[in-house]
Amino acid sequence: MGWVSEQLVEAAQGGDLESITAVVHGAHPHVRRFADHLCASPQDAEDAAQEALLVLYRKIGSLRASAALASWMFRIVRNECLRRARRLLEDAADPGLAASAEDEVLGRLEAERVAEAIRALPDVQRRVLIMRDVLGHPGRAVAGALGLSTPAMKSHLHRARAAVRARLYTA
């Protein structure tokens, strides 16, 4: 945790408002960068980062170990990005939620674009992305199921996310 000292985190856990503010402010660029890699769009990334920072602000007192702050924050961001992706898939699959016929068509087109981008991935990257980001399996479980080392699984996941993002936002 090079961006925040253990003493600052402990003071924030104790309820010191200035320390809480400093921790939240220091966490923002790291949380946002992580969200940019996980979320489907820049808007979702910003929303997920903001949600994670709100959770940090409200619940830092419940954090058991100050050394766990970074992993706790990144888990919140990951869960928020997954929640947003699932909601997007559910909205696209349930036309009853569309406000109009135009919204329904746009939702279906977006879901088709995402599915097409995922289908275009190499087999291993596609499997890693679906198991990790869509189904929410832990990284070690994905690596084991696919016969990969954890670093190799992470590399495939990073490449898959980058390829999907590039395909969705350059077209």
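The structure under discussion appears in the preceding block.
Just so it is clear, the structure is predicted and the values come from calculations on it, not from any experiment.

A. Structural detail: the overall build of the protein chain. Each helix and strand in the protein chain was counted, giving eight helices and zero strands. The helix and strand sequence of the protein chain, counted from the amino end, reads α-α-α-α-α-α-α-α. Along the three orthogonal principal directions, the C-alpha set of the protein chain runs to about 50 × 45 × 25 Å. In the protein chain, which comprises 171 residues, the proportion classed as buried is 33%. Contacts in the protein chain between residues at least 24 apart in sequence constitute 61% of all its contacts with a sequence separation of at least 6. For the protein chain, the exposed area adds up to about 10,000 Å²; of that, 56% sits on carbon and sulfur atoms. Averaging the locations of the 23 positively and 21 negatively charged side chains of the protein chain gives two centres separated by 8 Å.

B. Geometry of the pattern of salt bridges. With the rule as written, the count across this model stands at eight salt bridges. One salt bridge connects Glu-46 with Arg-32, and the closest N-O pair in it is separated by 2.1 Å. One end of the pair, Glu-46, is in helix H3 (residues 42-59); the other, Arg-32, is in helix H2 (residues 17-38), with 14 residues separating them in the sequence. The partly exposed category is assigned to Glu-46, whose relative accessible area is 23%.

C. Broad picture of the nonpolar core. Ranked by internal contacts, the top residues of the largest apolar core, which has 26 residues, are Val-23, Val-31, Leu-56, Leu-69, Trp-72 and Met-73. Of all elements in the fold, only helix H1 (6-13), H2, H3 and helix H4 (69-93) reach the threshold of two or more residues within this core.

D. Main features of the packing of aromatic side chains. In the structure shown here, the tally under the stated rule is one aromatic pair. Taken together, a centroid distance of 4.7 Å and an interplanar angle of 50° make the contact between Phe-34 and Phe-74 tilted. Taken together, the positions of Phe-34 in helix H2 and Phe-74 in helix H4 put the pair 40 residues apart, joining distant regions of the chain. Judged by relative accessible area, Phe-34 falls into the partly exposed class, the value being 27%. Residue classification places Phe-74 among the partly exposed residues on the basis of a relative accessible area of 27%.

E. Region of interest: a nonpolar patch on the surface. A cluster of nonpolar residues, Leu-89, Ile-130, Val-134 and Leu-135, forms a patch on the protein surface that exposes about 310 Å² of accessible area. Inspection of the secondary structure assignment puts Val-134 in helix H6 (residues 123-134).

F. Region of the structure containing the packing of H6 against helix H7 (residues 139-146). Interaxial distance between H6 and H7 falls to 9 Å at its minimum, and their mutual angle equals 145°. Handedness of the H6/H7 crossing: right-handed. Facing H6, whose interface residues are Arg-127, Val-128, Met-131 and Arg-132, H7 presents Gly-139, Val-142, Ala-145 and Leu-146.

G. Inspection of the side chain of Asp-133 at higher detail. Relative to the helices and strands, Asp-133 resides in helix H6. Take Asp-133: its relative accessible area is 16%, and that puts it in the buried class. Polar side-chain contacts of Asp-133 include one of 2.7 Å to the side chain of Arg-161. Discounting residues that sit within four places of it in the chain, Asp-133 has contacts with Leu-82, Val-128, Leu-157 and Arg-161.

Conventions used here
Per-chain numbering applies: the sequence of each chain, read as written, is numbered from 1 onward. For this predicted model, a pLDDT threshold of at least 70 governs which residues receive local features, and a threshold of 80 or more governs which side-chain atom pairs are given and counted, while totals over whole chains, interfaces and linings are taken from all residues. Values reported for side chains reflect all heavy atoms of the structure, with hydrogen atoms and water molecules removed beforehand. Each helix is a run of H or I in the DSSP string that is no shorter than four residues. Each strand is a run of E no shorter than two, and both are numbered from the N terminus. Only protein chains enter the accessibility calculation, which uses a 1.4 Å probe. A residue is then buried if its area is under 20% of the maximum for its type, exposed if over 50%, and partly exposed in between. Should any heavy atoms of two residues lie within 4.5 Å, those residues are considered in contact. Note on areas: these come from Shrake-Rupley sampling with a 1.4 Å probe, and a residue is covered only by the protein chains present in the view. A positive count includes Lys and Arg, and a negative count includes Asp and Glu. His and the chain ends are not counted in either. Working definition for charges: the position is that of NZ of Lys, CZ of Arg, CG of Asp or CD of Glu. Any Lys or Arg side-chain nitrogen located within 4 Å of an Asp or Glu carboxyl oxygen qualifies as a salt bridge. Only buried residues count toward a nonpolar core. Its members are Ala, Val, Leu, Ile, Met, Phe, Trp, Tyr and Cys residues joined through side-chain atoms within 4.5 Å. Under the pairing criterion, centres of Phe, Tyr and Trp rings, with the six-membered ring standing for Trp, must be within 6.5 Å; the plane angle then separates stacked pairs below 30 degrees from edge-to-face pairs above 60, leaving the rest tilted. Here the term patch refers to residues with relative accessible area over 30% and no salt bridge, with like charges joined within 9 Å and nonpolar side chains (Val, Leu, Ile, Met, Phe, Trp, Tyr) within 5 Å. Axis lines are fitted through C-alpha atoms, for helices just across the contact stretch, and the angle between N-to-C directions can take any value from 0 to 180 degrees. Definitions for this section: a left-handed crossing has its near helix turned counterclockwise from the far helix by less than a right angle. A right-handed crossing has that turn clockwise. In protein, a polar contact requires one atom able to donate a hydrogen and another able to accept it; more generally it is a pair of N or O atoms within 3.5 Å, and residues adjacent in sequence count only if both atoms are side-chain atoms.

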